[in-house]
Each structure stands twice: as C-alpha cells, then as structure tokens.
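Architecture and fold: a report
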Amino acid sequence: MVGFNRRFAPALRTLKERVAGRRSPLMIDYRVNAGYITLDHWVHGAQGGGRNIGEACHMYDVFRFLAGPPVKSISATAIDPGALPYTRSDNFAATIGYEDGSVATLIYTALGPGTGMRKEHITVFSDGDAFIVDDFRQLTRASDGSVLWQSGEADKGHFEEMRRFGDAIARGEPLPIPFEEIVETTSVALEIEDQLFGRADPR
C-alpha cells in the first residue's frame, strides 16, 4: 500500500460519482501552486527525490482514479532555470493520455505566490459541463454554480485512506488502491522525471 491519499478525498469521490456515467472522455486540468523550497532542502535531495517524484505522483494517481483506464501516453516539459535557484522537477507541465481518450494535464510550479492563490485547483471537463475542485475545500459544478461538496478546511483524504486500509487488513480484503495502479503511478512519475532532465525521449 502506498499513501496516494487524494483519491480518497470527499471532493474527488463525489466528482468520480458525477462523471461515472459519462459518454465523452475527460479533459482534466490540475494546477499546483507548490511554493518555493530552497535547493538545499531535503525535499530536493536523495531522501525526498524531488517534487515530481515526491509529490506530483499524487496528482498522477488522481488522474488514473478519475479517468479509469490505464495510461497510453506521457509527455513533460520543464522550465530551463539556467543559473537561477530553481529546479526542473518543480516547474513543469505534464500531459498524460489514457486508453479511453481522456487527457490530463498537470501544471506544477514553485514560481507562484505564497499568498492570494491556494495550492491545488482541479477542473474536469466532460459531456458539456465542468467540475471544479478548489484546494479540496469545495467542489462545484460550473454549469449552474451548484456546490456539490464543501468543508471549512482542506480534506485530502488521509483519514478515509487510513480507515479503508485498516478495514482491509482487519477483514482480509483487497487493499483500497489496486496494486497495478500503484505501479503505474510510480512508473509515470519516473518517466516524467526522465523527460524533465532529458534522460528519455517523449512518447
């Protein structure tokens, strides 16, 4: 079991239910205003693995959770920081295609403001409508502005994930994230890391 918790967030579980009967593929736009971390921080070192491997993996799991089918294509492009104190692995865009035709794009950046913009914003387009997740505090439907779920604080699914994990162990049931999806999410993060640093050809 790996702690890809966001798929257990109530906003995303509600969204998943809303698009369950969709006819069209999904177009998913996920923006992460990650905040700047100095290059000597452990997050960028061997322990943290960098922010693509260490955090953006959670976004790739969200994409698979919402889309459903396996990944078909992966491409990623990073900024060129030159001599500036930024890194490619926390300033990049990644686009992932899925076997049902869905397309998901992640904008992950440390160049944004520390105030005035929340960290995570997701927009999902399908069947002539759109659904907006605002920092895991609110889910709204764009067509009529209706609020489908909201909370006074961000709920990224940590408690629900641990509850389901404990229940699976106690009852001898399958773990709450299919193993093949854990492997795929990890593989996507590693492939994107290679592309960000020029170690692989886009495919």
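Description of the structure in this document.

Description of the overall build of the chain
Counting its secondary structure elements, the chain contains four helices and eight strands. The order of α-helices and β-strands along the chain, N terminus first, is α-β-α-β-β-β-β-β-β-β-α-α. In terms of overall size, the chain behaves like a compact globule, its C-alpha atoms giving a radius of gyration of 17 Å where 203 residues would be expected to give roughly 17 Å. The dimensions of the chain, computed from C-alpha atoms along their principal axes, are 45 × 45 × 35 Å.

Brief notes about helix 2 (residues 51-67)
With 17 residues, helix 2 extends 23 Å between its outermost C-alpha atoms, agreeing within 8% with the 24 Å of an ideal straight helix rising 1.5 Å per residue. A bend of about 40 degrees at Cys57 is the largest found in helix 2. Where burial is concerned, most of helix 2 is hidden: 15 out of the 17 residues are buried.

Quick look at the packing of aromatic side chains
Going through the model one piece at a time under the given rule, you end up with three aromatic pairs. Their ring planes at 75 degrees and their centres at 6.0 Å tell us that Tyr30 and Phe63 sit as a pair that is edge-to-face. In this pair, Tyr30 sits in strand 1 (residues 27-33) while Phe63 sits in helix 2, placing the two residues 33 residues apart along the sequence. Under the relative-accessibility criterion, Tyr30 is labelled buried at 0%. In this structure, Lys16 is placed above the aromatic ring of Phe65, and the distance from its NZ or CZ to the ring centre is 5.1 Å.

Rules and cut-offs
Residues numbered from 1 in each chain as written. Predicted model: local features only at pLDDT ≥ 70, side-chain atom pairs only at ≥ 80, totals over all residues. Heavy atoms only, no water. Helix = DSSP H or I, 4+ residues; strand = E, 2+ residues; numbered from the N terminus. Rg over C-alpha atoms; globule rule 2.2 N^0.38 Å. Expected span 1.5 Å × (residues − 1). Bend = angle between axes of the 7 residues up to and from the residue. Buried < 20%, exposed > 50% of the residue type's maximum accessible area, 1.4 Å probe, protein only. Phe/Tyr/Trp six-rings, centres within 6.5 Å; stacked < 30°, edge-to-face > 60°. Lys NZ or Arg CZ within 6 Å of the ring centre and 35° of its normal.

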